[in-house]
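# Working through the structure, step by step
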Amino acid sequence: MNVLIADDHKIVRMGLSLLLGEEFPGVCIDEAGNGADAIKLLRKKKFDMMLMDFKMPDTDSVELLKQALVYDPALKVLVVSLNPENIFAMLCLKAGAYGYIEKSTGDDNLRNAVKKVASGKKYMSEDVVELMTSHIKTGESADPFSKLTSKEFQVAMHFINGLGNSEICETMNLQSSTVATYKIRIFEKINVRNIHELVQLASQYKIS
């Protein structure tokens, strides 16, 4: 089995490599510290599974996930991240990930998630399943940010992290008018009036 680990922290890559080696003797592991390096490896080698962080330097993780699945639609992706699953799990699952798990979880949960995804099954924690069930029953989003499309969420994240319109245009290769349109949609959907309120709401939901 070939596995790609994409995470900007070497100690995390080492830990995941040890876990994979214990669970899958003979596994072949490649590592990447950011999205660009991950894409280079995905272009030249076929992987069965990718474990990826959600937040890496100079990396649009949703776009990385989507690009990875363009190169290989059969690739099984498990997102292993510090970001709270109540916000980010649904986003990643919608983008095609097989599962999402927080780094703060216990070893047993992480092993279970890795084995499940490796076998081709989806992994969702009980909390995420409960959120999905609640959303289906009520028809309402569990949080305001889940109302955003993946592209709107990416733009919102850039605003939250302090980027201005021109910087977002350059980072995402978008026209200024497009970014302005996204900004209007974001404000309307999550009911904020300005960037300050957007940042405050993000802080409330532990988004950074």
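Residues numbered from 1 in each chain as written. Predicted model: local features only at pLDDT ≥ 70, side-chain atom pairs only at ≥ 80, totals over all residues. Heavy atoms only, no water.

## A few points about the sheet that holds strand S3 (residues 49-52)
One open sheet accounts for five strands, arranged S2-S1-S3-S4-S5; its pairing is parallel. The outermost strands of the open sheet, each flanked by one partner alone, are strand S2 (28-32) and strand S5 (99-102). Averaged over all pairs of adjacent strands, the angle between their axes in this sheet comes to 20°, without regard to strand direction. Across the sheet, helix H2 (residues 35-44) is in contact with strand S1 (2-6), S2 and S3; its angle to S2 comes to roughly 140°. Relative to strand S4 (residues 76-81), helix H5 (residues 107-118) is tilted by about 160°, and along the sheet it contacts S3, S4 and S5. (Pairing = 2+ DSSP bridges. Helix = DSSP H or I, 4+ residues; strand = E, 2+ residues; numbered from the N terminus. Axes fitted to C-alpha atoms, helices over the stretch in contact; angles between N-to-C directions. Contact = heavy atoms within 4.5 Å.)

## Here's the deal with the side chain of Thr59
Along the chain, Thr59 falls in the loop between S3 and helix H3 (61-71). Not counting residues within four places of it along the chain, the set of residues in contact with Thr59 comprises Asn34, Gly35 and Leu64.

## Side note on H5
An ideal rise of 1.5 Å per residue puts 16 Å on twelve residues; H5 measures up with 16 Å between its terminal C-alpha atoms. Residues Leu110, Ala113, Val114, Val117 and Ala118 constitute the buried set of H5. Down the axis of H5, the buried side of the element spans an arc of 125°, and every buried residue falls inside it. Lining the buried residues of H5 we find helix H1 (10-23), S3, S4 and S5. Just beyond H5, the residue with positive phi is Gly120, at close to 95°. (Expected span 1.5 Å × (residues − 1). Buried < 20%, exposed > 50% of the residue type's maximum accessible area, 1.4 Å probe, protein only. Arc of directions from axis to C-beta.)

## As for the environment of Ser166
For Ser166, the location among the structural elements is in helix H8 (residues 165-172). By relative accessible area, which is 57% here, Ser166 ends up exposed.

## Description of the packing of aromatic side chains
Per the stated rule, a full pass over the model turns up three aromatic pairs. Measuring from ring centre to ring centre gives 6.5 Å for Phe145 and Phe153, while their planes differ by 85°; the resulting arrangement is edge-to-face. Among the aromatic residues, those joined into a ring-pair cluster are Phe54, Phe88, Phe145 and Phe153. The side chain of Lys122 reaches across the aromatic face of Tyr98, ending 4.7 Å from its centre. (Phe/Tyr/Trp six-rings, centres within 6.5 Å; stacked < 30°, edge-to-face > 60°. Lys NZ or Arg CZ within 6 Å of the ring centre and 35° of its normal.)

## Focus on the pairing of S3
Side chains of S3 alternate between two faces, with Met49 and Leu51 and Met50 and Met52 buried alike. Judged from the four bridges that link them, S1 and S3 form a sheet pairing that is parallel. Each residue of the ladder has a partner; that of Ala6, found in S3, is Met52. The pairing of S3 with S4 spans four bridges and is classified as parallel. Its bridge partner lying in S4, Met50 is registered against Val77. Assessed by its sense of winding, the connection that carries the chain from S3 through H3 to S4 is right-handed. (Right-handed = clockwise from strand over helix to strand, strands pointing away.)

## Points about the packing of helix H7 (residues 150-160) against helix H10 (residues 195-204)
The interhelical angle for the contact between H7 and H10, taken along N-to-C directions, is 100°, at an axis separation of 9 Å. Comparing their axes, H10 and H7 come out roughly perpendicular. Within the contact between the two elements, H7 uses Ala156, Phe159 and Ile160 and H10 uses Ile195, Leu198, Val199 and Ala202. For the contact of H7 with H10, the per-class residue count stands at seven nonpolar, no polar and no charged. (Parallel < 35°, antiparallel > 145°, perpendicular 65-115°, else oblique. Nonpolar A, V, L, I, M, F, W, Y, C, P; charged D, E, K, R; others polar.)

Distances and angles like these do not, on their own, reveal function.
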